[in-house]
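The primary structure of each chain is shown beneath.
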Amino acid sequence: MQRDLLLTELRERIARHARPDLRTAIDGLTLSKVESSAPDYSLTEPLLVVMAQGGKRLLLGDQIFDYRAGDLFVVTTDLPVSGHFVEASPQTPALGMAITLRPDAIAPLLLQAPPVRRTAAGAPAIATGPADPEILDAAARLLRLLDSPSDAPVLAPLIERELLWRLLTGPHGDVIRQIGLADSSLTHVNRAIRWIRDNYAEPLRVADLASLAGMSPAAFHRHFRAITALSPLQFQKRIRLQEARSLLAAHPRDIAGVGHLVGYDSPSQFNREYRRLFGTPPGQDAARLRAG
């Protein structure tokens, strides 16, 4: 009963406050109201998502993650994912809220959090599961602050701290813990992820990335795949192709130029890999994107 009441409140407040740009007056809090089940491709950031209505299916490599109303979704690093909202229509849109997971907010809590078992290859970067009533209650109180803007600057950080504590002491504690630990495998691999994200058009050498992460090439490859479900080369390819898709929306006639800009020397390889990921050749996909 409590969960149902809290979800009803979350749905009402998200539907009322959600904006097209997703932003809210509370730093780190975004709200989404999606009326379409069309596929989307995006680069995630560290987030806690609480789903209030509808659901979403995400694909990362060969892994599938589903979460529905009443579930939470946690992602701990930048990942190139594809997916689509389910049960989303203008009559019953998918409704969710997201809170940025910040290392500087998590790290102080680790001193008080109970120890958890550390995984040998690093915790995966994505976790899903039911949100317990305490998390739903804190989420609802955070949304209430959107109607009390004078209270938000003082109370929102306290509620964020409570949510992080609930996560750290819950079943996904090991996943969250990796964000705040300076010596975690996630922190080391994140150095390589940031380099790939910022230099996706450059040639990728795994040995150089391993050195950047402070690991041997074998250990780096093992940790990278455990965290992202992708090899470094697969990760780079996803970043390249998703960036190409964004560029083609603005420059639909310069397919070869866009392919070269994101790191492809071979137009045929660019066309082949683009079609494999997005289902249509880049020219047709660009036309569809521009048509809206």
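One structure accompanies this document, and this report is about it. Worth saying up front: this structure is predicted, and the values here are computed from it rather than measured.

1. Section: the nonpolar core
Part 1 of the argument: Of all hydrophobic cores here, the largest spans 90 residues; its most connected members are L10, L29, M97, L101, L142 and F270.
Part 2 of the argument: Setting aside anything within four residues of it in sequence, one finds F270 in contact with L241, A244, L248, I255, V258, G259, V262, Y264 and P282.

2. Some details on the sheet that holds strand β5 (residues 63–68)
Part 1 of the argument: Ordered by their spatial adjacency, 4 strands build an open sheet running β2-β7-β4-β5, and the pairing between neighbours is antiparallel. On the outer flanks of this sheet lie β2 (40–43) and β5, each paired with one strand and no other. Recorded for the sheet is a direction-independent mean angle of 30° between the axes of neighbouring strands.
Part 2 of the argument: With 4 bridges joining them, β2 and strand β7 (residues 80–86) adopt antiparallel strand pairing. Note on β7: the bridge partner recorded for D40 is G83.

3. Describing a nonpolar patch on the surface
Part 1 of the argument: Taken together, the side chains of V154, L155 and L158 present a nonpolar region at the surface, about 280 Å² in accessible area.
Part 2 of the argument: Classification of L155 by relative accessible area gives partly exposed; the value is 35%.

4. Thoughts on the packing of helix α6 (residues 185–198) against helix α7 (residues 206–213)
Part 1 of the argument: At a closest axis distance of 7 Å, the pairing of α6 and α7 adopts a crossing angle of 130°. The orientation of α6 with respect to α7, classified from their angle, is oblique. Seen along the crossing, α6 lies across α7 with a hand that is right-handed. Every residue of α7 that contacts α6 at H188, R191, A192, W195 and I196 is listed here: L209, L212 and A213.

5. A closer look at the packing of aromatic side chains
Part 1 of the argument: The final tally for this structure, using the stated rule, is 7 aromatic pairs.
Part 2 of the argument: Geometrically, the ring pair formed by Y67 and F73 is stacked, given 4.7 Å between the ring centres and 15° between the ring planes.
Part 3 of the argument: Note on F224 and F235: the rings are 5.5 Å apart at their centroids and 80° apart in plane angle, and the pair reads as edge-to-face. Of this pair, F224 sits in helix α8 (residues 217–228) while F235 sits in helix α9 (residues 232–250); the two residues are 11 residues apart in sequence, bridging distant segments of the chain.
Part 4 of the argument: On the accessibility criterion, F235 (0% relative accessible area) is buried.
Part 5 of the argument: Chaining the aromatic ring pairs together yields one cluster made of Y41, Y264, F270, Y274 and F278.
Part 6 of the argument: Sitting above the plane of the Y264 ring, R240 keeps its charged end 5.7 Å from the centroid.
Part 7 of the argument: Lying over the aromatic face of F278, R245 brings its terminal NZ or CZ to 4.8 Å of the ring centre.

6. Side note on the pattern of salt bridges
Part 1 of the argument: Per the counting criterion, the structure on display carries 19 salt bridges.
Part 2 of the argument: Between R102 and D27 there is a salt bridge; the shortest N-O distance is 3.0 Å. Taken together, the residues span a long stretch of sequence, with R102 in the loop between β8 (94–100) and α2 (103–110) and D27 in the loop between α1 (2–17) and β1 (29–34) at a distance of 75 residues.
Part 3 of the argument: D27 sits in the exposed class, given a relative accessible area of 63%.

Conventions and cut-offs
- Residues numbered from 1 in each chain as written.
- Predicted model: local features only at pLDDT ≥ 70, side-chain atom pairs only at ≥ 80, totals over all residues.
- Heavy atoms only, no water.
- Core = buried A, V, L, I, M, F, W, Y, C linked by side-chain atoms within 4.5 Å.
- Buried < 20%, exposed > 50% of the residue type's maximum accessible area, 1.4 Å probe, protein only.
- Contact = heavy atoms within 4.5 Å.
- Pairing = 2+ DSSP bridges.
- Helix = DSSP H or I, 4+ residues; strand = E, 2+ residues; numbered from the N terminus.
- Axes fitted to C-alpha atoms, helices over the stretch in contact; angles between N-to-C directions.
- Patch = residues over 30% accessible without salt bridge, like charges linked within 9 Å, V, L, I, M, F, W, Y side chains within 5 Å.
- Areas by Shrake-Rupley, 256 points an atom, 1.4 Å probe, with all protein chains shown as cover.
- Salt bridge = Lys/Arg side-chain N within 4 Å of Asp/Glu carboxyl O.
- Parallel < 35°, antiparallel > 145°, perpendicular 65-115°, else oblique.
- Left-handed = near helix turned anticlockwise from the far one by under 90°.
- Phe/Tyr/Trp six-rings, centres within 6.5 Å; stacked < 30°, edge-to-face > 60°.
- Lys NZ or Arg CZ within 6 Å of the ring centre and 35° of its normal.

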